[in-house]
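What follows is the residue order along each chain.
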Amino acid sequence: HSPPEQPGDKPSEAGAVQHKEVCIWPCQCPPVPACTPGVSLVKDGCGCCKVCAKQAGEPCNEADVCDPHKGLYCDYSEDEPRYETGICAYLVAVGCELNGVYYANGQTFQPNRLYKCLCVSGTIGCTPVFTPRLAGSPCARVPGRKKPGQSICGLGQHKQLQSTNYRLMSAYRSLPLVLKKKCLIQATPWTPCSRTCGMGISSRVTNDNRKCEMKKEKRLCFIQPCLTNMLKKIKIPKGKTCQPTFQLPTAEKLVFSGCSTTQRYKLTFCGVCLDKRCCIPNKSKMITVQFECPNEGFFRWKMMWITSCVCQRICSTPGDIFSQLKLL
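All of these numbers come straight from a predicted model, not from anything done at the bench. Residue indices follow the written sequence of each chain, beginning from 1 at its first position. It should be noted that, the model being predicted, local features are given only for residues of pLDDT at least 70 and side-chain atom pairs only at 80 or more, the latter also being counted only at that level, while totals for whole chains, interfaces and linings use all residues. By convention in this description, side-chain values take in all heavy atoms of the structure and omit both hydrogens and water.

Glancing now at the overall build of the chain. Secondary structure is summarised from DSSP: a helix means a run of H or I of at least four residues, a strand means a run of E of at least two, and numbering begins at the N terminus for each. A count of helices and strands for the chain gives two helices and 20 strands. Each residue's exposure class comes from its accessible area (1.4 Å probe, protein chains only) as a fraction of the maximum for that residue type: buried when under 20%, exposed when over 50%, partly exposed otherwise. Looking at the 328 residues of the chain, the share that counts as buried comes to 28%. Any two residues whose heavy atoms approach within 4.5 Å at even a single point are treated as in contact. Counting only contacts in the chain whose residues sit at least 6 apart along the sequence, the fraction spanning at least 24 positions is 44%. Residue burial considers only the protein chains on display, and all accessible areas are found by Shrake-Rupley using a 1.4 Å probe. About 22500 Å² of surface is accessible on the chain, with carbon and sulfur atoms providing 54% of the total.

As structure tokens, then:
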């Protein structure tokens with residue numbers, strides 16, 4: 001052990017500085033906290049208790065760790081020579097791009113009125129923005145001025161509209177809700193297909209599983225083949241500007257990641273328009289397809305089976321993660 005420091009003595013190196021013990025063993029943990037949306041629940045730096053991770057600009061130490069899922073680390077540079085207490089800061093990393101706009105790593109931004117987002121190492125994470133209904137709400141009614149067909153909401157509906165519980169927001173659930181084995185089944189809408197032509201992937205978050213836990217679920221999607229010559233041959237009915245759906249002449253095997261399906265399928269694809277409208281899936285069902293890989297065995301994937309499409313003027317790119325959001 002080093003001899004005790006005398007008043008006025010300066011340590012010759014950082015290792016000679018006495019550090020305050022922040023970890024206590026055996027572990028004594030308080031109840032697991034409920035972190036706000038967007039804050040990670042992690043194990044503390046002592047390896048003992050579950051804590052809400054510290055965010056950018058907040059103080060940190062050996063026990064109070066910075067949010068690892070946001071690329072944060074504890075910067076002790078301002079606490080020389082003790083290096084005991086630091087400030088959570090972002091690691092140097094790449095930024096993010098959304099709809100042609102570049103955001104720096106760690107930058108927060110609000111692409112629309114519904115969501116507030118954060119860029120972390122090339123990945124965008126978003127949380128809902130809670131905006132209570134104002135007097136102009138469809139639920140509000142001026143006495144003596146009721147319009148035909150205007151809805152009137154009760155007190156309970158007002159409370160739901162102004163709720164700060166993100167799990168009650170319509171963007172995070174599918175209606176009607178279903179009770180299945182004591183589990184209230186919830187699911188977000190499927191994201192748009194990742195590709196406008198060829199085999200793509202769409203995803204959603206749902207708790208429709210044995211443990212009733214919110215998990216990400218993926219499925220294959222195939223909106224149109226990437227054959228421009230074939231699309232030009234689609235016959236549009238006389239007097240019409242769009243052909244919503246079409247099929248290939250023969251059933252064919254599907255190819256995904258170098259593997260092909262064991263069966264042949266005659267899929268229904270979304271069609272084309274002579275004007276600037278685009279055709280997107282309107283109704284579909286889920287099927288399971290099996291792929292066979294050369295010398296690597298088999299695997300199965302869920303897939304969207306299109307039954308009908310609708311042609312509309314609102315067209316979005318597959319990379320637009322907010323294309324399906326609507327203001328209520």
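Picking up where we left off.
To continue, consider the pairing of strand 9 (residues 115-120). Counted residue by residue, strand 9 has five buried out of six residues, so it is predominantly covered. Being paired, for any two strands, means DSSP has found at least two bridges between them. Bridge count for strand 8 (residues 108-109) against strand 9 is two bridges, and the pairing is antiparallel. Note on strand 9: the bridge partner recorded for Phe109 is Cys117. Joining the antiparallel neighbours strand 8 and strand 9 is a turn of five residues. Where strand 9 and strand 10 (residues 123-128) come together, six bridges link them in antiparallel fashion. Residue pairing across strands places Tyr115 opposite Pro128, the latter belonging to strand 10.

With that out of the way, let us pick up unusual backbone geometry. Cis geometry is adopted by the peptide bond preceding Pro26, which originates at Trp25 and carries an omega value of 0°. Relative to the elements of secondary structure, Pro26 occurs in the segment before strand 1 (41-43). For Cys212, which is not glycine, the phi torsion reads 55° and is therefore positive. Given the relative accessible area of 31%, Cys212 is considered partly exposed.

Ordered by their spatial adjacency, three strands build an open sheet running 8-9-10, and the pairing between neighbours is antiparallel. Here the strands that pair on one side only, and so sit at the sheet edges, are strand 8 and strand 10.

Looking now at the nonpolar core. Only buried residues count toward a nonpolar core, which is a set of Ala, Val, Leu, Ile, Met, Phe, Trp, Tyr and Cys residues joined through side-chain atoms within 4.5 Å. With 19 residues, the main nonpolar core has Leu254 and Met303 as its most contacted residues. Only strand 14 (215-222), strand 18 (268-273) and strand 19 (278-293) provide two or more residues apiece to this core. Top element by residues in this core is strand 19. It accounts for four residues. Within the second largest apolar cluster, 11 residues are counted, among which are Ile223, Cys270, Met304 and Ile306.

This brings us to the environment of Ser308. By secondary structure assignment, the location of Ser308 is in strand 20 (residues 297-312). Considered as a pair, Ser308 and Asn282 are 26 residues apart in the sequence and their alpha carbons are 5.5 Å apart. If near-sequence neighbours (up to four positions away) are discounted, Ser308 is found in contact with Thr245, Pro281, Asn282 and Lys283.

The sheet contact formed by strand 3 (residues 59-60) and strand 5 (residues 86-90) spans two bridges and is antiparallel. Considered in strand 5, the bridge of Pro59 is made with Ile87.

The subject of this paragraph is the side chain of Asn207. Following the sequence through the fold, Asn207 ends up in the loop between strand 13 (199-206) and strand 14. Apart from residues lying up to four places away in sequence, Asn207 is in contact with Cys183, Leu184, Ile185, Gln186, Cys212, Glu213 and Met214.

In this section: the confidence of the model for the chain. Overall, the predicted model of the chain reaches an average pLDDT of 75, with 73% of residues at or above 70. Considering each helix and strand of the chain separately, the mean pLDDT is smallest for helix 1 (residues 155-161), with a value of 44, and largest for strand 3, with 94. The pLDDT value tells you how sure the predictor is about a given residue, anywhere from 0 up to 100. When the criterion is pLDDT under 50, residues 1-15 qualifies, and its contacts beyond four places in sequence or with other chains add up to seven contacts. Ignoring residues within four places in sequence, the model shows residues 154-177, a span with pLDDT below 50, making 37 contacts including any to other chains.

Now for the sheet that holds strand 3. The strand order across the open sheet built from three strands is 3-5-4, with neighbouring strands paired in antiparallel fashion. This sheet does not close on itself; its edge strands, each paired only once, are strand 3 and strand 4 (72-75).

The next point concerns the side chain of Thr261. If you trace the backbone, Thr261 turns up in strand 17 (residues 259-261). Separated by 2.7 Å, the side chain of Thr261 and the backbone oxygen of Gln263 make a polar contact. If sequence neighbours within four positions are ignored, Thr261 has contacts with Lys253, Leu254, Val289, Gln290 and Phe291. Pairs of N or O atoms within 3.5 Å make up the polar contacts considered here, provided that, within protein, one atom can donate a hydrogen while the other can accept it, and that residues adjacent in sequence are counted only when both atoms are side-chain atoms.

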